[in-house]
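Close look at the chain arrangement
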Amino acid sequence: MGVITEKTPIAKIKPVRFLLNWGRRYSLWVFNFGLACCSIEFIAASTAKNDFIRLGVIPFAHGPRQADLLVVAGTLTDKMAPVIKRLYDQMPDPKYVISFGSCSNCGGPYWDSYSVTKGVDQIIPVDVYVPGCPPRPEALLHGIIRLQEKIRDEDIQEKFRSGTTAVS
Amino acid sequence: MQSVTYYGSYGVVLAVVLAGALLVIVAFGAARLIAPHRPNVGGKRTTYECGIDPVGEGWSQSQVRYYVYGFLFVIFDVESVFLFPWARVFQSLGYQAVVSMAIFIGILAVGLLYAWRKGVLTWV
Amino acid sequence: MGRPLSAEEVGSRLRARFGDDIEVADTFGEVAATVSVDRYHDLVRFLRDEPALACDFCDFTAGVDLGGDDGFEVVTQLTSTEHHHNVRVKVRLSSTDPACPTVSDLFPTCDWHERETMEMFGIRFEGHPHPVRLLLPEPFEGFPLRKDFPLMSREVKPWPGVPEGEEVEEDE
C-alpha cells in the first residue's frame with residue numbers, strides 16, 4: 001500500500017513528483033461544509049459567473065468519503081465541532097482544508113460568543129485561509145489557486161511521514 | 001477461410017475482455033501504489049451519518065410491491081435477448097422468420113395483456 | 001371580516017376583565033400588557049378565546065434579564081390572524097428562582113420557545129411537558145444570556161476584551 005509514495009524514494013524524483021502533484025491538484029472534489037452566510041458565497045462561486053469547475057474543483061461531493069477538499073464556510077459552533085472532526089476523519093487521505101470566511105478563520109464577528117469555536121483550526125488542520133465577511137467568490141477562486149500552488153510544491157512523502165496531515 | 005473468420009471473431013471478444021481486465025488492473029494497481037494507506041486514523045472507519053453517531057440499524061426493508069418490477073423485467077428482458085440476434089439475421093431468412101417471431105411476440109403480448117387486465121401495471 | 005382593535009380598546013377590555021392585576025401601556029400603537037404571574041395563563045387564554053381579540057398565533061416567547069434586583073421578564077407576543085392586531089404580554093419575575101406557568105398547552109409554539117428561554121435564562125416554566133435544553137450543547141453549564149454570565153473574552157481584560165481570554169502581551 002502506498003509503495004511509491006510512502007516506501008520508496010521514487011516519489012521524490014522530479015518528474016514523478018511533478019506528475020503526482022499535477023494529478024492531485026487539478027482533480028479536487030470539494031465537500032462543501034456550508035454552515036452560514038459564507039456558504040451562499042461558496043454557492044455563488046460554483047455558479048456560471050465565477051466558476052470554480054474551470055480550476056478542476058468539482059462541487060458537491062456526495063459525502064466525505066468521496067471528497068479530497070473540505071471548504072469550511074461559515075460559523076462553527078461548539079455543538080458542531082465534533083461533527084466536523086468526524087467528517088474530516090472520514091475523508092480519505094490526501095485531504096486539504098480551506099477555511100472560508102472570518103468565522104471559520106478566527107471566530108469572526110462572533111469572537112466573544114459563548115457558543116462559537118473561535119476558528120476551525122482548533123479542530124482540524126487548515127491549509128489555506130480565505131479572509132472576508134463574507135469573502136467574494138473571486139476570493140475563493142484565489143484561495144483555490146493558492147492551494148493548488150501549495151500542492152504543486154508539496155512533497156507527499158514528507159506530508160505522510162510526519163504523521164500529521166498538515167503541510168509545513 | 002470461413003474457419004479463420006469464425007475464430008477471428010472470438011479473438012475480438014477475447015481482446016475486449018483482456019482490455020477490460022487490463023483497465024481494472026491498472027486503475028486499482030495505480031491506486032494501490034500511489035495512494036497512502038491510513039485506515040485507522042480517528043473515526044475514519046465509523047459509519048457515515050452526517051458526522052453524528054449513527055442511530056439504529058444499518059439494514060432497511062424494501063417493500064414487497066417492488067417484486068412486480070423485477071418479475072416483469074425478467075420476462076421482457078429474456079424476450080429482447082431473443083429479439084436482438086433475430087434482428088441481425090432475419091432479412092436473409094425470408095418471411096418465415098418474421099412469422100415465427102411474430103408468433104413469439106404475440107404469445108408474450110397476450111401475457112402482457114393478462115397482466116394489464118389483472119391490474120399489475122397500476123401502482124399500489 | 002377582521003377588525004383590528006386599537007390600543008385603547010384592547011386596554012379597556014383587558015382592564016374590564018382583569019382589573020388591578022394588569023397594566024396596559026400603548027407602545028407605538030401596539031399594546032403591551034404587564035400582568036402578574038398568577039394571572040398570566042388566564043390572560044393568554046382570554047386573549048385567545050375572546051372573539052373580538054382572537055389572538056390565535058403566538059409570535060414568540062422570550063426572556064429578558066433586567067439586571068440585578070430588577071429580576072427577569074418573560075415576554076410573549078400574540079397576533080390575531082383574523083383581526084390583524086398584536087398584543088404583547090409581559091410577566092415580571094423575581095431575580096432569585098424565577099418561575100412562571102407555561103402556556104404551551106394553549107399555544108404549542110411556545111413549547112420550544114419556552115425551552116430556549118429556560119436554558120438561556122434559567123427561568124422555570126411550571127407544567128412544561130418536556131423541559132430539556134433545546135439549543136445548547138450537552139456539556140454547557142450556566143445560563144448564557146443572563147447579565148452576570150462571565151464571558152471568557154472579558155475575564156482577562158474588560159471591554160472590548162481579548163479572544164478566548166488569552167493573555168495580553170506587553171508591547172515593547
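Basis of the calculations
- The written sequence of each chain sets the order in which its residues are numbered from 1.
- Just so you know, chain letters begin at A and ligand numbers begin at 1, following the order they were written in.
- Residue-level local features of this predicted model are given only where pLDDT is at least 70; pairs of side-chain atoms are given and counted only at 80 or more, and the full residue set underlies all totals for whole chains, interfaces and linings.
- Side-chain calculation: all heavy atoms of the structure are included, whereas hydrogens and water are not.
- The set of buried Ala, Val, Leu, Ile, Met, Phe, Trp, Tyr and Cys residues whose side-chain atoms join them within 4.5 Å is what this entry labels a nonpolar core.
- Per-residue accessibility, obtained with a 1.4 Å probe over protein chains only, is compared with the maximum for each type, and a residue is labelled buried under 20%, exposed over 50%, and partly exposed between these values.
- We count a stretch as a helix when DSSP gives it H or I for four or more residues in a row; a strand needs E for two or more, and each element gets its number in order from the N terminus.
- The criterion used for residue contact is that any of the two residues' heavy atoms lie within 4.5 Å.
- Where helices are involved, their axes are fitted lines through C-alpha atoms of the stretch in contact, as for all axes, and angles between N-to-C directions lie from 0 to 180°.
- Should an angle lie under 35 degrees it is considered roughly parallel, over 145 roughly antiparallel, and from 65 to 115 roughly perpendicular; all remaining angles are considered oblique.
- The nonpolar class holds Ala, Val, Leu, Ile, Met, Phe, Trp, Tyr, Cys and Pro. Asp, Glu, Lys and Arg form the charged class, and all remaining residues, Gly among them, are polar.
- Defined here as a combined quantity, buried area equals the accessible surface (1.4 Å probe) lost by two parts on assembly, summed across both.
- Each reported salt bridge corresponds to a side-chain nitrogen of Lys or Arg within 4 Å of a carboxyl oxygen of Asp or Glu.
- Counted as a polar contact is a pair of N or O atoms within 3.5 Å, where, for protein atoms, one must be capable of donating a hydrogen and the other of accepting one, and residues adjacent in sequence contribute only when both atoms are in side chains.
- Only four residue types enter the tally: Lys and Arg on the positive side, Asp and Glu on the negative side, with His and both chain ends excluded.

**Topic: the nonpolar core**
By size, the foremost hydrophobic cluster in this structure holds 37 residues, and its most contacted members are Leu14, Tyr40, Leu43 and Leu47 of chain C. Listed by contribution, the elements that provide at least two residues to this core are helix H1 (7-18), strand S1 (22-27), strand S2 (30-35), helix H2 (40-49), strand S4 (72-79), strand S5 (86-93) and helix H3 (110-121) of chain C. A per-element tally of this core places H2 of chain C first, with five residues. With near-sequence residues (within four places) excluded, leucine 43 of chain C lies in contact with Leu14, Phe18, Ile22, Ala33, Val35 and Val89 of chain C. Val30, Ala73, Phe100 and Leu147 of chain A belong to the second-largest nonpolar core, a separate cluster that totals 21 residues.

**Topic: the packing of helix H2 (residues 67-89) of chain B against helix H3 (residues 95-117) of chain B**
Residue and element names in this part refer to chain B. Following both chains from N to C, one finds H2 and H3 inclined at 170°, their axes separated by 12 Å at the closest point. As judged from the angle between their axes, H2 and H3 are roughly antiparallel. Contacts between H2 and H3 pair Ile75, Phe76, Glu79, Phe82, Leu83 and Trp86 from the former with Ala97, Val98, Met101, Phe104, Ile105, Leu108 and Leu112 from the latter. Classifying every residue of the contact of H2 with H3 gives twelve nonpolar, no polar and one charged.

**As for the interface of chain A and chain C**
The figure often quoted for interface size is the accessible area lost as the parts come together. The partner chain C presents 17 residues to the eight residues of chain A that form the contact. Buried area between chain A and chain C, both sides added, is near 910 Å², and the carbon and sulfur share of it is 62%. Of all residues in chain A, Lys79, Trp111 and Tyr114 of chain A bury the most surface against chain C, accounting for 66% of the area lost on that side. At the junction of chain A and chain C, the tally comes to zero salt bridges.

**Looking at the interface of chain A and chain B**
Contact with chain A, which involves 22 residues of that partner, is made by 19 residues of chain B. In total, chain A and chain B occlude about 1800 Å² of area from one another, counting both sides; carbon and sulfur atoms represent 54% of this. Its salt-bridge partner being aspartate 93 of chain A, residue lysine 44 of chain B comes within 2.8 Å of it at the nearest N-O pair. In this structure, the connection of chain A to chain B is made through seven residue pairs in polar contact (both at pLDDT 80 or more). Every element with two or more residues in the side of chain A that touches chain B is listed here: helix H1 (3-7) and helix H4 (81-90) of chain A. The biggest single contributor to the side of chain A that touches chain B is H4 of chain A, with six residues. By residue class, the composition of the side of chain A that touches chain B is twelve nonpolar, four polar and six charged.

**What about the side chain of arginine 115 of chain C?**
Residue and element names in this part refer to chain C. As for its position among the elements, arginine 115 is in helix H3. Buried within the structure, arginine 115 lacks any salt-bridge partner; aspartate 111 is the closest side chain of opposite charge, at an N-O distance of 4.8 Å. Arginine 115 has contacts with His128, His130, Val132, Arg133 and Leu134, leaving out every residue within four places of it along the chain.

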